[in-house]
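Commentary on secondary and tertiary structure
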Amino acid sequence: LQLIQNAAARILFDTKRTEHSGITPVLENLHWLQQGIGPTYLFELLHPYTPRHQLCFSSLKLLTIPLFRYATLGGRSFLLIYLFILNIFNLRILHTDYGVQSTVFFEVAFGYKGLQIQLFCSAGNLTTLLNVKYTSKVTDTIDCVEPDDVESKIREIIPARSCSNTEDFVSLLEKEAKFKPFGSLLHTYSVHNEEAGEDITYQIYKAEMSCPGFQEYHERLQTFLMWFIETASFIDVDDERWDYFLVQVQFEKYNKDGETLFATVGYMTVYNYYVYPDKTRPRVSQMLILPPFQGEGHGAQLLEAIHRYYLTAPKVLDITAEDPSESYVKLRDFVHAKLCQSLPSFSPDQLIQGFSQKMVKEVQEKLKINKKHARRVYEILRLHNTDMSDLEHAKTYRLEIKRRLVGPYKKNQRELAKMRKCLRPEELGNQISQIDLQTQHKELEKSYQDLIEEYRRVLERLAQM
């Protein structure tokens, strides 16, 4: 229901899920109808609440809740529920002393003053501690109003075995030195840390749910999805078609008793879909690099390691992603271009001849990349090998890209031709206004310019390698 509400709000205000401001400002712009505008049969049931004495919430425009006899029936009537929700809404929006912004199923945690939600996780094993603190609750000043059960909402997400007091959490930290990454090692790489002035070693592992202790560890790990990915959900770990890939960092300088300490950096889940008659198509479902490690290239290392892992599986057809975000598409473009630029079919002399079936076949066999993604790689590397200052070369490249982008617009023209045969003139006029050629040309040019800008960013990153 929360996802439906968020989507409806974005439609009304024409905002995108990727905007940094989040959904909170959008929801706050949705207001109730002003007094007197609603239907008469509802308006007659609403009576403003006027306290006998001046109170702190006298200006909140609350409504009177009538007395009722039976809590199981009268208290569930539409009128009482509507009035109660409306009053709570006004308190949430206007009585800011008892509200705090949150991202756990509700946009505003109502009923607390000085609310602090503290969630601690150990770096390696992800042992979790939840603390909820506040200076006062709304029940201290307002009768018959209960605060949101913040702690219960959070405990629906975090693992059941999470610590509830600091002493237990600290005692479990002693086991961190014994934590070792789950699964088999796939790849090791290093990243130079400017602050530490040294190279830090990272490792990528493939784990199985059958690994002792991994299921409990995964329960703690997947919790992070809820804090950082809006539409995230937990997966069915009983399905054996899931593959799990982990990124870990080694801390050599913090050795304890000669042991190397490990910390969790991020992870990826991949589901192996069946493809008739005897193939599989691994599809990236979830991918997260924790905030302290973002911007260091770990996502690219992880995605590249995934491709190299599945290369050894003859039954794998290609690798795709489930509903990829814009940031994931940019990451995928970079990784694919990096892998393809050394292939013979993507050499400069081959690129200048145009997109070919030879490219499709080579990337599918050697890198498990499908035709659609191979086309994007071709366009990126073709741009790199095209002198855009040469008007003739630039025109040739532009027309080739636009011929691909114009597909949806040609479909509109075909639909218009069909409508001319079956619609009345007035109906046809409405449809023609929606398929205006001049507007389509402007949209096509904008799509081309946006795409070129994306490709240039990929090429800039490739040049920094």
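Residues numbered from 1 in each chain as written. Predicted model: local features only at pLDDT ≥ 70, side-chain atom pairs only at ≥ 80, totals over all residues. Heavy atoms only, no water.

Focus on the overall build of the protein chain
Counting its secondary structure elements, the protein chain contains 17 helices and 12 strands. Across the 465 residues that make up the protein chain, the buried fraction comes to 39%. Long-range pairs, those at least 24 residues apart, make up 60% of the contacts in the protein chain between residues at least 6 apart in sequence. By element, 53% of the accessible surface of the protein chain is carried by carbon and sulfur atoms, the whole surface being about 28,000 Å². (Helix = DSSP H or I, 4+ residues; strand = E, 2+ residues; numbered from the N terminus. Buried < 20%, exposed > 50% of the residue type's maximum accessible area, 1.4 Å probe, protein only. Contact = heavy atoms within 4.5 Å. Areas by Shrake-Rupley, 256 points an atom, 1.4 Å probe, with all protein chains shown as cover.)

Some points on the confidence of the model for the protein chain
On average, residues of the protein chain carry a pLDDT of 80, and 71% of them reach 70 or more. No element of the protein chain has a lower mean pLDDT than strand β1 (residues 99-101), at 37, and none a higher one than helix α13 (residues 371-384), at 97. Per-residue pLDDT stays below 50 along residues 68-107; that stretch engages in 86 contacts with residues further than four places along the chain or on separate chains. (pLDDT = per-residue confidence, 0-100.)

Topic: the side chain of Glu 362
In this fold, Glu 362 is placed in helix α12 (residues 357-367). Here Glu 362 is in contact with Leu 343, Pro 344, Ser 345 and Leu 367, once residues within four sequence places are set aside.

Considering the packing of aromatic side chains
Within the structure shown, the criterion is met by 15 aromatic pairs. For the pair Phe 182 and Phe 214, a centre-to-centre distance of 5.6 Å together with 65° between the ring planes defines the contact as edge-to-face. In this pair, Phe 182 sits in the loop between α6 (166-173) and β7 (184-193) while Phe 214 sits in helix α7 (residues 214-221), placing the two residues 32 residues apart along the sequence. Looking at Phe 182, the relative accessible area reads 13%, which means it is buried. Measuring from ring centre to ring centre gives 6.1 Å for Phe 245 and Tyr 310, while their planes differ by 70°; the resulting arrangement is edge-to-face. Of this pair, Phe 245 sits in strand β9 (residues 242-256) while Tyr 310 sits in helix α9 (residues 298-311), placing them 65 residues apart in sequence. In terms of burial, Phe 245 and Tyr 310 fall into one category: buried. Cluster of aromatic residues (ring-pair linked, three or more members): Phe 179, Phe 182, Phe 214, Tyr 217 and Tyr 244. In this arrangement the basic side chain of Arg 283 is found over the ring face of Tyr 273, its NZ or CZ atom lying 4.4 Å from the centre. Here the guanidinium or amino end of Lys 402 rests over the ring plane of Tyr 448, the centre of that ring lying 5.6 Å away. (Phe/Tyr/Trp six-rings, centres within 6.5 Å; stacked < 30°, edge-to-face > 60°. Lys NZ or Arg CZ within 6 Å of the ring centre and 35° of its normal.)

Focus on the packing of α13 against helix α14 (residues 391-405)
Packing of α13 against α14 brings their axes to within 11 Å, and their N-to-C directions diverge by 165°. By the criterion of interaxial angle, the relationship of α13 to α14 is roughly antiparallel. The hand of the α13/α14 crossing is left-handed. Contact with α13, carried on its side by Arg 375, Tyr 378, Glu 379, Arg 382 and Leu 383, involves Thr 396, Tyr 397, Glu 400, Ile 401 and Arg 404 of α14 and no other residues of that element. A class-by-class count of the residues in the contact of α13 with α14 yields 4 nonpolar, 1 polar and 5 charged. (Axes fitted to C-alpha atoms, helices over the stretch in contact; angles between N-to-C directions. Parallel < 35°, antiparallel > 145°, perpendicular 65-115°, else oblique. Left-handed = near helix turned anticlockwise from the far one by under 90°. Nonpolar A, V, L, I, M, F, W, Y, C, P; charged D, E, K, R; others polar.)

Some thoughts on the pairing of strand β10 (residues 259-275)
Taken residue by residue, a regular strand's side chains alternate between the two faces of the sheet. Taking burial as the measure, the 17 residues of β10 include 13 buried ones, the bulk of the element. Sheet analysis places β10 next to strand β11 (residues 279-289), joined by 10 bridges and oriented antiparallel. By the bridge assignment, Met 268 is partnered in β11 with Met 287. Here β10 hands over to β11 after 3 residues, the two strands then running antiparallel side by side. (Pairing = 2+ DSSP bridges.)

Section: unusual backbone geometry
In this structure, Pro 277 follows Tyr 276 across a cis peptide bond, with omega equal to 0°. Within the fold, Pro 277 resides in the loop between β10 and β11. Within the chain, Asp 323 stands out as a residue other than glycine whose phi angle is a positive 45°. Mapped onto the elements, Asp 323 comes out in the loop between β12 (320-321) and α10 (326-340).

Here's the deal with the nonpolar core
In terms of nonpolar packing, the biggest core is built from 78 residues, with Phe 214, Cys 340 and Phe 346 touching the most fellow members. Excluding residues within four positions of it along the chain, Phe 214 makes contact with Phe 182, Ala 207, Glu 208, Met 209, Tyr 244 and Leu 246. Ranked by size, the runner-up nonpolar core spans 7 residues in total, among them Ala 109, Tyr 112, Leu 115 and Val 150. (Core = buried A, V, L, I, M, F, W, Y, C linked by side-chain atoms within 4.5 Å.)

Some words on the side chain of His 307
You can see His 307 is positioned in helix α9. The contacts of His 307, once residues within four sequence positions are left out, are Ile 319, His 336, Leu 339, Leu 367, Lys 368 and Ile 369.

Structural notes on the environment of Asp 349
With respect to the helices, strands and loops of the structure, Asp 349 is situated in helix α11 (residues 348-351). The sequence separation of Asp 349 and Asn 385 amounts to 36 residues, and the corresponding C-alpha distance is 9.3 Å. Within the structure, the side chain of Asp 349 is placed 2.5 Å from the side chain of Ser 347, a separation counted as a polar contact. (Polar contact = N/O pair within 3.5 Å; in protein donor to acceptor, adjacent residues only side chain to side chain.)

Some details on the pairing of strand β5 (residues 128-133)
Sheet topology places strand β4 (residues 116-121) next to β5; 6 bridges connect them, and they run antiparallel. Paired with Leu 119 across the two strands is Leu 130, which belongs to β5. Joining the antiparallel neighbours β4 and β5 is a turn of 6 residues, in which Leu 126 adopts a positive phi near 65°.

Structural notes on the pattern of salt bridges
For the coordinates displayed, the defined rule picks out 16 salt bridges. Ionic pairing is found between Asp 243 and Lys 206, a salt bridge with its closest N-O pair at 3.6 Å. Linking Asp 243 in strand β9 with Lys 206 in strand β8 (residues 198-207), this pair joins segments that are 37 residues apart in sequence. Overall, Asp 243 belongs to the buried group, its relative accessible area being 10%. Residue Glu 453 pairs with Arg 457 through a salt bridge whose shortest N-O separation is 3.7 Å. With Glu 453 and Arg 457 both in helix α17 (residues 437-463) and 4 residues apart, the pair spans about one turn of that helix. Beyond isolated ion pairs, a larger network of salt bridges with shared partners links Lys 206, Glu 208 and Asp 243. (Salt bridge = Lys/Arg side-chain N within 4 Å of Asp/Glu carboxyl O.)

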